[in-house]
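This is what each chain is made of:
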Amino acid sequence: MEKKQIKRALVSVYHKDKLDIIIQKLHSEGVEFISTGGTQSFIESLNIPCLAVEDLTGYPSILGGRVKTLHPKVFGGILSRRDNAQDNAQIEDYQIPEIDLVIVDLYPFEATVAAGADEPTTIEKIDIGGISLIRAAAKNYADVVIVASQDQYEPLLEMITSNGAQTTLEERRWFAKEAFAVSSHYDAAIFNYFDGNEASAFRYTQNNSKVLRYGENPHQRGIFFGKFEDLFEQLQGREISYNNLLDIDASINLMNDFDDITFAILKHNNACGIASRPVLVDAWKAALAGDPISAFGGVLITNAIIDKATAEEMNKIFFEVVIAPDYDLEAIEILSQKKNRIILILKENKAKTQQFRSVLNGVLVQDKDTHTETGDDLKVVTDKAPTADEVEDLLFANKIVKHTKSNAIVFAKNKQMFASGVGQTSRVDALRQAIDKAVAFKFDLNGAVMASDAFFPFPDCVQIASEAGITAVIQPGGSINDKLSIETCNETGVSMVTTGYRHFKH
């Protein structure tokens, strides 16, 4: 495979970590350097000669640094096609040196926006020269190598360490692909800043990708785009799968709504067991009691540090993933006995405020459902008001039903989920499923509460729940038949509160 020699490099970067090694290696291979400002000083501090861009172009940096490299003597040297006779004649006529390698990075626009800078400061962080150099060098990958971010320093160093200052077409094309990923991400961030909340177009990019074992099923390809390691530290376990990621996401969203010490077990994105207790091991035992059958192979999550006593109880069942803010050393020793078990520490949870999914030939975008009802949101609509303990259980159950696939019904008592009806085509079916599960696991529903993710279209659900022993109900309200449901509650002695917030989940 034909290789091309790097004879001259243009280097202008902000991030200089490990740049010295690259510069010294290129210098040892006879590469000449062109640079600007601080990067030029950095190269010269290594006792390596460097031509200033100003000396090449005959123009100083002007307009407060806005114009430095935008000149034919720079871009001509990058864009000239080495196998094009007319290009070669022109660069010789205008004394333009060929540039074979461009190392550049961009002003930190996203970091500036995230820091809350004012608009004039933000605008000055829109890179012009850097983005132009990236596009020019990437376009001419047939002859030029482009390194567009610090993330490509290591691949460049590996390449020149192995091959010297020579590159193949395949290598240059790879660097060009990476460069366009950088430039497109950068431009998307700038567009989103200007677009604000107008949503005039959908632009979302992620630079990090990981090929998964497979997608939802073994015959489907699966890829995760994102930085999983920013959120979690994986202490041990097998490679995380597509379905694991869905369950982990659902687990985090659920646990975010709980402040008390809480343990939850999820299966297929729905809680099959969850409880809050002052002592973690008690929370685990109560959560497991909710559905010990479905807990097999589930994803476990808690908002408390897992201790030895809890780990010993957890270790009695098979589960795939456990998530916690931390673990005692003795707990780690116990839980790590099964080597494929995925053990995660949740480092931080900066939840996105929007979510999206592909639909038909487009994308659906919506604000994330971050509203969690409190006592102030509850409106008593029946003659009988719930007791203080029932209010606590109603709010507990309502948090769970918010994260349960519709149509959904949740039973709870003493901050323990007794049963749930999940993903049914009718609310009555969801209710009957919940009753059947509660009976199967020998829960006494007398004095328990019921939460519904949407209003009751008819009073039948209230009637059935009352007959099962339910004494208090929480629902959004808003049905044209609310009056009938309220009357049924009054007749059966059930208290009902409405919230005004529906929590459909598909």
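Residues numbered from 1 in each chain as written. Predicted model: local features only at pLDDT ≥ 70, side-chain atom pairs only at ≥ 80, totals over all residues. Heavy atoms only, no water.

A. How the structure looks around the pattern of salt bridges. Under the defined criterion, the tally for this structure stands at 14 salt bridges. Its salt-bridge partner being K25, residue E29 comes within 3.2 Å of it at the nearest N-O pair. Accessibility expressed as a relative area gives 31% for E29, which makes it partly exposed. Its relative accessible area of 24% is what places K25 among the partly exposed residues. Taking the shortest distance from any N to any O, the salt bridge between K415 and E392 comes out at 3.4 Å. Pair noted here: K415 is in the loop between strand 19 (409-413) and strand 20 (416-421) and E392 is in helix 16 (residues 388-402), with a separation of 23 residues, a long-range link. Under the relative-accessibility criterion, K415 is labelled partly exposed at 21%. Judged by its relative accessible area of 40%, E392 is partly exposed. (Salt bridge = Lys/Arg side-chain N within 4 Å of Asp/Glu carboxyl O. Buried < 20%, exposed > 50% of the residue type's maximum accessible area, 1.4 Å probe, protein only. Helix = DSSP H or I, 4+ residues; strand = E, 2+ residues; numbered from the N terminus.)

B. Fine view of the sheet that holds strand 4 (residues 51-52). Here 5 strands make up an open sheet; going across it, the order is 4-3-2-5-6 and the pairing parallel. Strands with a single pairing partner mark the edges of an open sheet, and in this sheet they are strand 4 and strand 6 (145-147). Judged from the 2 bridges that link them, strand 3 (residues 32-35) and strand 4 form a sheet pairing that is parallel. Looking across to strand 4, one finds that S35 is bridged to A52. Across the sheet, helix 2 (residues 37-44) is in contact with strand 2 (8-12), strand 3 and strand 4; its angle to strand 3 comes to roughly 150°. (Pairing = 2+ DSSP bridges. Contact = heavy atoms within 4.5 Å. Axes fitted to C-alpha atoms, helices over the stretch in contact; angles between N-to-C directions.)

C. How the structure looks around a nonpolar patch on the surface. A contiguous nonpolar surface patch, about 430 Å² in accessible area, is contributed by F202, Y204, F356, V363 and V365. Summarising the element assignment, V365 is placed in strand 17 (residues 362-367). (Patch = residues over 30% accessible without salt bridge, like charges linked within 9 Å, V, L, I, M, F, W, Y side chains within 5 Å. Areas by Shrake-Rupley, 256 points an atom, 1.4 Å probe, with all protein chains shown as cover.)

D. How the structure looks around the pairing of strand 2. In terms of burial, strand 2 is a largely internal element, 5 of the 5 residues being buried. Burial of the side chains of strand 2 extends over both faces: R8, L10 and S12 are buried on one face and A9 and V11 on the other. Direction of pairing for strand 2 relative to strand 3: parallel, over a ladder of 4 bridges. Paired with A9 across the bridge in strand 3 is F33. In the classification by handedness, the crossover that spans strand 2, the intervening helix 1 (residues 19-28) and the parallel strand 3 is right-handed. As defined by bridge partners, strand 2 adjoins strand 5 (residues 101-104) across 4 bridges and the pair is classed as parallel. Residue L10 lies in a different strand from strand 5, and its bridge partner there is V102. (Right-handed = clockwise from strand over helix to strand, strands pointing away.)

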